[in-house]
Amino acid sequence: MSDLLQNPISLILAIITAITFLLYLREYNKRRNLESEGDKFLQDIKKKGWENLHQSIKKSQEILGEAELEGIKVIAGSEVELSKLENEYSKKLSQSLETSRRNIDAAQNKLMQFMADLQKKSAEFEEASKVSGQQRINQLFDKVENKLSDFLVQTAQKTSSSIELELKASRQLIDTYKNGQLKLIDENIITMMEQTLSLVLGKKMSLNDQLDLVYEALEKAKIEKFIA
Amino acid sequence: MEEILNIILKNTYSLSQLKHRLRILKSNLLKTFFGGENQTLNSTTQDLNWLESLPENFYRKFTKDNIYQIFADLEKKISNLPTLAMYLTFEPNDTTLYQVGSVARKTFNYPSLILDIKLDPNLIAGAALVWKGVYKDYSLRAKVENRKAEIIEGFKKYLK
(Lines give C-alpha, C1' and ligand atoms only; values in the text may rest on other atoms or scores of the structure.)
Protein backbone atom coordinates (compact mmCIF):
# COMPACT_ATOMS: atom_id res chain seq x y z
CA MET A 1 0.00 0.00 0.00
CA SER A 2 2.69 2.28 0.92
CA ASP A 3 4.22 1.34 -2.36
CA LEU A 4 0.99 2.32 -4.17
CA LEU A 5 0.83 5.60 -2.52
CA GLN A 6 4.32 6.20 -3.32
CA ASN A 7 3.91 5.36 -7.05
CA PRO A 8 1.14 7.64 -8.58
CA ILE A 9 1.07 5.79 -11.90
CA SER A 10 0.20 2.56 -10.29
CA LEU A 11 -2.50 4.35 -8.43
CA ILE A 12 -4.03 5.82 -11.56
CA LEU A 13 -3.97 2.42 -13.23
CA ALA A 14 -5.73 0.88 -10.31
CA ILE A 15 -8.45 3.54 -10.40
CA ILE A 16 -9.01 3.05 -14.21
CA THR A 17 -9.25 -0.69 -13.70
CA ALA A 18 -11.83 -0.23 -10.99
CA ILE A 19 -13.92 2.14 -13.12
CA THR A 20 -13.76 -0.24 -16.12
CA PHE A 21 -14.94 -3.09 -13.89
CA LEU A 22 -17.84 -1.06 -12.66
CA LEU A 23 -18.87 -0.08 -16.26
CA TYR A 24 -18.71 -3.71 -17.33
CA LEU A 25 -20.99 -4.71 -14.55
CA ARG A 26 -23.44 -2.02 -15.46
CA GLU A 27 -23.56 -3.07 -19.14
CA TYR A 28 -23.91 -6.71 -18.17
CA ASN A 29 -26.97 -5.90 -16.09
CA LYS A 30 -28.53 -3.86 -18.93
CA ARG A 31 -28.11 -6.70 -21.44
CA ARG A 32 -29.62 -9.21 -19.07
CA ASN A 33 -32.66 -6.96 -18.61
CA LEU A 34 -33.05 -6.56 -22.39
CA GLU A 35 -32.83 -10.29 -23.04
CA SER A 36 -35.45 -11.03 -20.43
CA GLU A 37 -37.81 -8.41 -21.96
CA GLY A 38 -37.28 -9.90 -25.49
CA ASP A 39 -38.04 -13.39 -24.27
CA LYS A 40 -41.18 -12.18 -22.64
CA PHE A 41 -42.32 -10.39 -25.85
CA LEU A 42 -41.65 -13.48 -27.92
CA GLN A 43 -43.67 -15.57 -25.50
CA ASP A 44 -46.62 -13.24 -25.90
CA ILE A 45 -46.46 -13.31 -29.67
CA LYS A 46 -46.26 -17.09 -29.69
CA LYS A 47 -49.22 -17.37 -27.45
CA LYS A 48 -51.29 -15.02 -29.63
CA GLY A 49 -50.27 -16.95 -32.75
CA TRP A 50 -51.47 -20.22 -31.36
CA GLU A 51 -54.74 -18.65 -30.37
CA ASN A 52 -55.24 -17.27 -33.86
CA LEU A 53 -54.40 -20.63 -35.39
CA HIS A 54 -56.95 -22.41 -33.21
CA GLN A 55 -59.59 -19.91 -34.16
CA SER A 56 -58.81 -20.25 -37.84
CA ILE A 57 -59.01 -24.05 -37.75
CA LYS A 58 -62.27 -23.84 -35.93
CA LYS A 59 -63.70 -21.42 -38.47
CA SER A 60 -62.45 -23.52 -41.35
CA GLN A 61 -64.13 -26.58 -40.00
CA GLU A 62 -67.34 -24.63 -39.61
CA ILE A 63 -67.09 -23.44 -43.22
CA LEU A 64 -66.38 -26.94 -44.45
CA GLY A 65 -69.37 -28.28 -42.59
CA GLU A 66 -71.62 -25.64 -44.05
CA ALA A 67 -70.20 -26.31 -47.48
CA GLU A 68 -70.84 -30.03 -47.20
CA LEU A 69 -74.36 -29.36 -46.10
CA GLU A 70 -74.96 -27.02 -48.97
CA GLY A 71 -73.42 -29.58 -51.39
CA ILE A 72 -75.69 -32.28 -50.20
CA LYS A 73 -78.62 -29.92 -50.63
CA VAL A 74 -77.56 -29.01 -54.14
CA ILE A 75 -77.02 -32.65 -55.13
CA ALA A 76 -80.41 -33.59 -53.85
CA GLY A 77 -82.03 -30.71 -55.75
CA SER A 78 -80.12 -31.56 -58.92
CA GLU A 79 -81.27 -35.16 -58.93
CA VAL A 80 -84.88 -34.09 -58.74
CA GLU A 81 -84.42 -31.56 -61.52
CA LEU A 82 -82.57 -34.11 -63.60
CA SER A 83 -85.35 -36.67 -63.41
CA LYS A 84 -87.82 -33.97 -64.32
CA LEU A 85 -85.74 -32.93 -67.27
CA GLU A 86 -85.33 -36.55 -68.38
CA ASN A 87 -89.07 -37.02 -68.41
CA GLU A 88 -89.60 -33.83 -70.41
CA TYR A 89 -86.83 -34.74 -72.77
CA SER A 90 -88.15 -38.23 -73.44
CA LYS A 91 -91.61 -36.80 -73.97
CA LYS A 92 -90.39 -34.20 -76.42
CA LEU A 93 -88.15 -36.72 -78.10
CA SER A 94 -91.01 -39.11 -78.69
CA GLN A 95 -93.08 -36.20 -80.03
CA SER A 96 -90.28 -35.22 -82.36
CA LEU A 97 -89.80 -38.77 -83.52
CA GLU A 98 -93.48 -39.03 -84.22
CA THR A 99 -93.45 -35.77 -86.16
CA SER A 100 -90.38 -36.84 -88.08
CA ARG A 101 -91.92 -40.18 -88.97
CA ARG A 102 -94.98 -38.40 -90.29
CA ASN A 103 -92.84 -36.00 -92.26
CA ILE A 104 -90.77 -38.84 -93.66
CA ASP A 105 -93.92 -40.69 -94.69
CA ALA A 106 -95.23 -37.55 -96.40
CA ALA A 107 -91.91 -36.94 -98.11
CA GLN A 108 -91.78 -40.56 -99.21
CA ASN A 109 -95.22 -40.26 -100.71
CA LYS A 110 -94.28 -37.04 -102.42
CA LEU A 111 -91.10 -38.60 -103.75
CA MET A 112 -93.03 -41.54 -105.12
CA GLN A 113 -95.47 -39.16 -106.74
CA PHE A 114 -92.60 -37.09 -108.13
CA MET A 115 -90.91 -40.20 -109.49
CA ALA A 116 -94.12 -41.28 -111.18
CA ASP A 117 -94.56 -37.80 -112.69
CA LEU A 118 -90.96 -37.79 -113.74
CA GLN A 119 -91.32 -41.14 -115.46
CA LYS A 120 -94.37 -39.91 -117.25
CA LYS A 121 -92.70 -36.68 -118.31
CA SER A 122 -89.62 -38.57 -119.38
CA ALA A 123 -91.71 -40.80 -121.61
CA GLU A 124 -93.44 -37.75 -123.05
CA PHE A 125 -90.11 -35.99 -123.53
CA GLU A 126 -88.63 -39.04 -125.21
CA GLU A 127 -91.54 -39.18 -127.60
CA ALA A 128 -91.29 -35.45 -128.29
CA SER A 129 -87.53 -35.76 -128.78
CA LYS A 130 -88.05 -38.57 -131.24
CA VAL A 131 -90.49 -36.49 -133.24
CA SER A 132 -88.29 -33.40 -132.99
CA GLY A 133 -85.17 -35.37 -133.91
CA GLN A 134 -86.93 -36.84 -136.91
CA GLN A 135 -88.03 -33.39 -137.98
CA ARG A 136 -84.52 -31.99 -137.53
CA ILE A 137 -83.00 -34.85 -139.48
CA ASN A 138 -85.50 -34.24 -142.23
CA GLN A 139 -84.71 -30.52 -142.20
CA LEU A 140 -80.99 -31.29 -142.16
CA PHE A 141 -81.38 -33.58 -145.13
CA ASP A 142 -83.35 -30.89 -146.93
CA LYS A 143 -80.66 -28.29 -146.17
CA VAL A 144 -77.85 -30.62 -147.22
CA GLU A 145 -79.72 -31.41 -150.39
CA ASN A 146 -80.24 -27.72 -151.13
CA LYS A 147 -76.65 -26.80 -150.31
CA LEU A 148 -75.33 -29.66 -152.35
CA SER A 149 -77.48 -28.58 -155.21
CA ASP A 150 -76.26 -24.97 -154.86
CA PHE A 151 -72.69 -26.12 -154.53
CA LEU A 152 -72.98 -28.23 -157.64
CA VAL A 153 -74.49 -25.33 -159.54
CA GLN A 154 -71.77 -22.95 -158.31
CA THR A 155 -69.07 -25.48 -159.07
CA ALA A 156 -70.44 -25.92 -162.53
CA GLN A 157 -70.51 -22.16 -163.02
CA LYS A 158 -66.98 -21.74 -161.61
CA THR A 159 -65.70 -24.58 -163.72
CA SER A 160 -67.37 -23.06 -166.73
CA SER A 161 -65.89 -19.60 -166.04
CA SER A 162 -62.51 -21.15 -165.25
CA ILE A 163 -62.56 -23.05 -168.52
CA GLU A 164 -63.59 -19.87 -170.31
CA LEU A 165 -60.69 -18.00 -168.67
CA GLU A 166 -58.31 -20.78 -169.58
CA LEU A 167 -59.60 -20.73 -173.12
CA LYS A 168 -59.26 -16.96 -173.20
CA ALA A 169 -55.71 -17.16 -171.87
CA SER A 170 -54.91 -19.92 -174.35
CA ARG A 171 -56.37 -17.86 -177.18
CA GLN A 172 -54.34 -14.85 -176.04
CA LEU A 173 -51.25 -17.01 -175.86
CA ILE A 174 -51.92 -18.37 -179.31
CA ASP A 175 -52.57 -14.86 -180.60
CA THR A 176 -49.36 -13.60 -178.99
CA TYR A 177 -47.47 -16.50 -180.44
CA LYS A 178 -49.16 -16.04 -183.78
CA ASN A 179 -48.39 -12.31 -183.79
CA GLY A 180 -44.81 -13.03 -182.74
CA GLN A 181 -44.44 -15.57 -185.49
CA LEU A 182 -46.06 -13.26 -188.01
CA LYS A 183 -43.76 -10.46 -186.89
CA LEU A 184 -40.82 -12.80 -187.24
CA ILE A 185 -42.04 -13.81 -190.69
CA ASP A 186 -42.45 -10.14 -191.59
CA GLU A 187 -38.93 -9.44 -190.36
CA ASN A 188 -37.68 -12.37 -192.37
CA ILE A 189 -39.53 -11.12 -195.43
CA ILE A 190 -37.95 -7.70 -195.02
CA THR A 191 -34.51 -9.21 -194.43
CA MET A 192 -34.90 -11.44 -197.44
CA MET A 193 -36.08 -8.53 -199.49
CA GLU A 194 -33.15 -6.40 -198.33
CA GLN A 195 -30.72 -9.18 -199.11
CA THR A 196 -32.29 -9.73 -202.52
CA LEU A 197 -32.25 -6.03 -203.25
CA SER A 198 -28.67 -5.79 -202.09
CA LEU A 199 -27.62 -8.68 -204.30
CA VAL A 200 -29.63 -7.59 -207.33
CA LEU A 201 -29.00 -3.86 -207.11
CA GLY A 202 -25.34 -4.38 -206.26
CA LYS A 203 -24.93 -6.09 -209.58
CA LYS A 204 -27.54 -4.39 -211.69
CA MET A 205 -27.57 -0.80 -210.47
CA SER A 206 -25.40 1.56 -212.47
CA LEU A 207 -22.90 3.91 -210.87
CA ASN A 208 -24.95 6.90 -211.95
CA ASP A 209 -28.01 5.50 -210.23
CA GLN A 210 -25.90 4.85 -207.13
CA LEU A 211 -24.65 8.42 -207.25
CA ASP A 212 -28.16 9.73 -207.73
CA LEU A 213 -29.21 7.98 -204.55
CA VAL A 214 -26.18 9.42 -202.72
CA TYR A 215 -27.07 12.93 -203.93
CA GLU A 216 -30.64 12.32 -202.85
CA ALA A 217 -29.35 11.32 -199.41
CA LEU A 218 -27.26 14.51 -199.21
CA GLU A 219 -30.23 16.61 -200.27
CA LYS A 220 -32.42 15.00 -197.66
CA ALA A 221 -29.77 15.59 -194.99
CA LYS A 222 -29.65 19.24 -196.03
CA ILE A 223 -33.46 19.53 -195.75
CA GLU A 224 -33.35 17.93 -192.33
CA LYS A 225 -30.49 20.28 -191.40
CA PHE A 226 -28.43 17.28 -190.38
CA ILE A 227 -25.25 19.36 -190.70
CA ALA A 228 -26.01 22.56 -188.87
CA MET B 1 -0.76 27.98 -193.62
CA GLU B 2 -4.48 28.46 -194.31
CA GLU B 3 -3.70 29.23 -197.92
CA ILE B 4 -1.64 26.06 -198.40
CA LEU B 5 -4.40 23.95 -196.88
CA ASN B 6 -7.11 25.63 -198.95
CA ILE B 7 -5.15 24.97 -202.15
CA ILE B 8 -4.76 21.33 -201.23
CA LEU B 9 -8.42 21.01 -200.24
CA LYS B 10 -9.61 22.63 -203.44
CA ASN B 11 -9.81 19.32 -205.25
CA THR B 12 -9.22 16.92 -202.35
CA TYR B 13 -12.43 15.52 -200.91
CA SER B 14 -11.74 12.57 -198.66
CA LEU B 15 -9.65 12.16 -195.54
CA SER B 16 -7.66 9.23 -196.92
CA GLN B 17 -7.08 11.15 -200.18
CA LEU B 18 -5.89 14.18 -198.21
CA LYS B 19 -3.45 12.16 -196.13
CA HIS B 20 -2.19 10.36 -199.24
CA ARG B 21 -1.66 13.58 -201.14
CA LEU B 22 0.12 15.21 -198.20
CA ARG B 23 2.51 12.27 -198.05
CA ILE B 24 3.16 12.53 -201.81
CA LEU B 25 3.63 16.28 -201.63
CA LYS B 26 5.97 16.02 -198.69
CA SER B 27 7.95 13.27 -200.40
CA ASN B 28 8.17 15.26 -203.58
CA LEU B 29 9.29 18.41 -201.80
CA LEU B 30 11.85 16.56 -199.71
CA LYS B 31 13.22 15.04 -202.90
CA THR B 32 13.37 18.48 -204.47
CA PHE B 33 15.09 20.11 -201.49
CA PHE B 34 17.30 17.36 -200.26
CA GLY B 35 17.47 14.90 -203.17
CA GLY B 36 17.88 11.12 -202.77
CA GLU B 37 15.85 8.16 -204.03
CA ASN B 38 14.76 6.81 -200.67
CA GLN B 39 12.50 9.71 -199.87
CA THR B 40 10.21 9.29 -202.90
CA LEU B 41 6.98 7.26 -202.95
CA ASN B 42 5.50 5.27 -205.78
CA SER B 43 3.26 7.92 -207.30
CA THR B 44 0.51 7.14 -209.75
CA THR B 45 -0.29 9.17 -212.80
CA GLN B 46 -3.19 10.70 -210.96
CA ASP B 47 -0.89 11.74 -208.12
CA LEU B 48 1.58 13.28 -210.54
CA ASN B 49 -1.26 15.08 -212.32
CA TRP B 50 -2.38 16.48 -209.03
CA LEU B 51 1.13 17.66 -208.16
CA GLU B 52 1.38 19.33 -211.53
CA SER B 53 -1.99 20.95 -211.09
CA LEU B 54 -0.76 22.83 -208.03
CA PRO B 55 0.15 26.48 -208.81
CA GLU B 56 3.74 27.71 -208.95
CA ASN B 57 3.35 30.14 -206.04
CA PHE B 58 2.16 27.22 -203.93
CA TYR B 59 5.57 25.54 -204.14
CA ARG B 60 7.31 28.86 -203.40
CA LYS B 61 5.90 28.79 -199.89
CA PHE B 62 8.10 25.82 -199.02
CA THR B 63 11.79 26.13 -198.22
CA LYS B 64 14.38 23.80 -196.77
CA ASP B 65 13.92 25.52 -193.41
CA ASN B 66 10.15 25.51 -193.04
CA ILE B 67 9.09 22.32 -194.79
CA TYR B 68 8.99 20.15 -191.69
CA GLN B 69 7.27 22.83 -189.65
CA ILE B 70 4.63 23.42 -192.35
CA PHE B 71 3.80 19.72 -192.61
CA ALA B 72 3.65 19.36 -188.84
CA ASP B 73 1.21 22.28 -188.72
CA LEU B 74 -0.79 20.83 -191.61
CA GLU B 75 -1.19 17.53 -189.80
CA LYS B 76 -2.46 19.37 -186.75
CA LYS B 77 -4.90 21.33 -188.92
CA ILE B 78 -6.17 18.17 -190.57
CA SER B 79 -7.12 16.67 -187.25
CA ASN B 80 -9.36 19.70 -186.62
CA LEU B 81 -11.03 19.77 -190.03
CA PRO B 82 -14.81 19.24 -190.18
CA THR B 83 -15.24 15.63 -191.28
CA LEU B 84 -18.44 14.05 -192.54
CA ALA B 85 -18.33 10.27 -192.32
CA MET B 86 -20.15 8.77 -195.30
CA TYR B 87 -21.11 5.10 -195.57
CA LEU B 88 -21.45 3.92 -199.14
CA THR B 89 -22.21 0.56 -200.75
CA PHE B 90 -19.36 0.96 -203.28
CA GLU B 91 -15.79 2.14 -203.22
CA PRO B 92 -15.57 5.41 -205.07
CA ASN B 93 -12.70 6.13 -207.49
CA ASP B 94 -11.15 9.60 -207.79
CA THR B 95 -13.74 10.74 -210.30
CA THR B 96 -16.66 9.50 -208.25
CA LEU B 97 -15.11 10.96 -205.14
CA TYR B 98 -14.75 14.28 -206.89
CA GLN B 99 -18.42 14.16 -207.89
CA VAL B 100 -19.69 13.18 -204.48
CA GLY B 101 -17.33 15.54 -202.65
CA SER B 102 -18.14 18.57 -204.77
CA VAL B 103 -21.88 17.94 -204.50
CA ALA B 104 -21.56 17.53 -200.70
CA ARG B 105 -19.62 20.80 -200.35
CA LYS B 106 -22.10 22.58 -202.57
CA THR B 107 -25.13 21.07 -200.87
CA PHE B 108 -24.01 21.94 -197.33
CA ASN B 109 -22.21 25.11 -198.44
CA TYR B 110 -19.04 23.96 -196.69
CA PRO B 111 -15.96 24.58 -198.93
CA SER B 112 -13.49 22.80 -196.62
CA LEU B 113 -15.72 19.79 -195.89
CA ILE B 114 -13.81 16.51 -195.86
CA LEU B 115 -15.48 13.15 -196.34
CA ASP B 116 -14.44 10.06 -194.43
CA ILE B 117 -15.60 7.34 -196.82
CA LYS B 118 -16.50 3.94 -195.33
CA LEU B 119 -18.05 0.85 -196.89
CA ASP B 120 -21.34 -0.76 -195.77
CA PRO B 121 -22.86 -3.13 -198.34
CA ASN B 122 -25.91 -3.70 -196.11
CA LEU B 123 -27.18 -0.25 -197.01
CA ILE B 124 -28.27 -1.68 -200.43
CA ALA B 125 -27.87 1.73 -202.12
CA GLY B 126 -27.59 5.40 -201.17
CA ALA B 127 -25.65 6.62 -198.15
CA ALA B 128 -25.63 6.90 -194.38
CA LEU B 129 -23.99 9.89 -192.70
CA VAL B 130 -22.27 10.56 -189.38
CA TRP B 131 -21.81 14.14 -188.26
CA LYS B 132 -20.32 14.97 -184.87
CA GLY B 133 -21.05 11.48 -183.59
CA VAL B 134 -24.71 11.37 -184.81
CA TYR B 135 -25.58 8.60 -187.26
CA LYS B 136 -28.37 8.99 -189.78
CA ASP B 137 -29.30 6.44 -192.39
CA TYR B 138 -30.51 7.85 -195.71
CA SER B 139 -29.94 4.65 -197.64
CA LEU B 140 -32.36 2.40 -199.52
CA ARG B 141 -32.34 0.06 -196.54
CA ALA B 142 -33.74 2.87 -194.37
CA LYS B 143 -36.42 3.53 -196.95
CA VAL B 144 -37.36 -0.15 -196.95
CA GLU B 145 -37.47 -0.12 -193.14
CA ASN B 146 -39.67 2.98 -193.12
CA ARG B 147 -42.10 1.43 -195.57
CA LYS B 148 -41.94 -2.00 -194.07
CA ALA B 149 -45.66 -2.15 -193.23
CA GLU B 150 -46.68 -1.18 -196.75
CA ILE B 151 -44.26 -3.66 -198.27
CA ILE B 152 -45.50 -6.47 -196.02
CA GLU B 153 -49.09 -5.59 -196.79
CA GLY B 154 -48.36 -5.64 -200.51
CA PHE B 155 -46.54 -8.92 -200.13
CA LYS B 156 -49.46 -10.44 -198.30
CA LYS B 157 -51.86 -9.24 -200.97
CA TYR B 158 -49.63 -10.85 -203.53
CA LEU B 159 -49.65 -14.12 -201.60
CA LYS B 160 -53.45 -14.13 -201.43
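In the block above lies the structure referred to throughout.
Please read these numbers as outputs of a predicted model, since none were measured by experiment.

S.K.: Run through the overall build of chain B, naming residues and quoting values.
M.R.: Counting its secondary structure elements, chain B contains eight helices and four strands. Secondary structure elements in chain B, listed N-terminal to C-terminal, are α-α-α-α-α-β-α-β-β-β-α-α. Looking at the 160 residues of chain B, the share that counts as buried comes to 19%. Within chain B, residue pairs in contact and separated by at least 24 positions form 62% of the contacts whose partners lie at least 6 positions apart.

S.K.: Let's hear about the interface of chain B and chain A: which residues, and what values?
M.R.: Accessible area lost on assembly of the parts is the figure often given for the size of an interface. With 29 residues of chain B at the contact, the number on the chain A side is 25 residues. When contributions to the side of chain B that touches chain A are tallied by element, the ones reaching two or more residues are β1 (83-88), α6 (94-108), β3 (127-131), α7 (140-146) and α8 (148-159) of chain B. With seven residues, α6 of chain B is the largest single contributor of residues to the side of chain B that touches chain A. Among the residues making up the side of chain B that touches chain A, the classes are represented as 19 nonpolar, seven polar and three charged.

S.K.: Hey, could you go over the nonpolar core for me, with residue numbers and the actual values?
M.R.: Membership of the largest hydrophobic core comes to 24 residues, with the highest contact counts inside it found for V214 and A217 of chain A together with M86, L115, A127 and L129 of chain B. For this core, the secondary structure elements donating two or more residues are α3 (207-223) of chain A together with β1, α6, β2 (114-119) and β3 of chain B. Every residue in contact with A127 of chain B, bar those within four places of it in the chain, is listed here: V214 and A217 of chain A together with M86, Y87, L88, Y138 and S139 of chain B.

S.K.: Break down the sheet that holds β1 of chain B for me, with residues and values.
M.R.: All names here are of chain B. In space, the four strands of this open sheet follow the order β2-β1-β3-β4, with mixed pairing throughout. Unpaired on one side and paired on the other, β2 and β4 (134-137) mark the two borders of the sheet. The average angle at which neighbouring strand axes cross in this sheet is 20 degrees, direction not considered. Where β1 and β3 come together, four bridges link them in antiparallel fashion. In the sheet register, Y87 faces β3, and the bridge partner there is A128.

S.K.: Just give me the short version of α6 of chain B, but keep the residues and values in it.
M.R.: Taking 1.5 Å of rise per residue, 15 residues should cover 21 Å, and α6 of chain B covers 21 Å from first to last C-alpha, within 8% of that figure. Among the residues making up α6 of chain B, those that are buried are V100, G101 and A104 of chain B. Angularly, the buried residues of α6 of chain B cover 100 degrees about the axis, an arc narrow enough to put them on a single face. Set apart from the buried face of α6 of chain B by more than 90 degrees, the exposed residues are T95 and S102 of chain B. Residues of α6 of chain B that are buried in the fold lie against α3 of chain A together with β1 and β2 of chain B. Where α6 of chain B ends, the next residue or the one after it, N109 of chain B, has phi of about 55 degrees, a positive value.

S.K.: Please provide a residue-by-residue account of the pairing of β3 of chain B, values included.
M.R.: Of the pairings in the sheet, the one linking β3 of chain B to β4 of chain B comprises four bridges and is antiparallel in character. The residue of β4 of chain B that forms the bridge with L129 of chain B is K136 of chain B.

Rules behind the numbers
- Residues numbered from 1 in each chain as written.
- Chains lettered and ligands numbered in written order.
- Predicted model: local features only at pLDDT ≥ 70, side-chain atom pairs only at ≥ 80, totals over all residues.
- Helix = DSSP H or I, 4+ residues; strand = E, 2+ residues; numbered from the N terminus.
- Buried ≥ 20, exposed ≤ 12 C-beta atoms within 10 Å, placed from the backbone.
- Contact = placed C-beta atoms within 7 Å.
- Nonpolar A, V, L, I, M, F, W, Y, C, P; charged D, E, K, R; others polar.
- Core = buried A, V, L, I, M, F, W, Y, C linked by C-beta atoms within 7 Å.
- Pairing = 2+ DSSP bridges.
- Axes fitted to C-alpha atoms, helices over the stretch in contact; angles between N-to-C directions.
- Expected span 1.5 Å × (residues − 1).
- Arc of directions from axis to C-beta.

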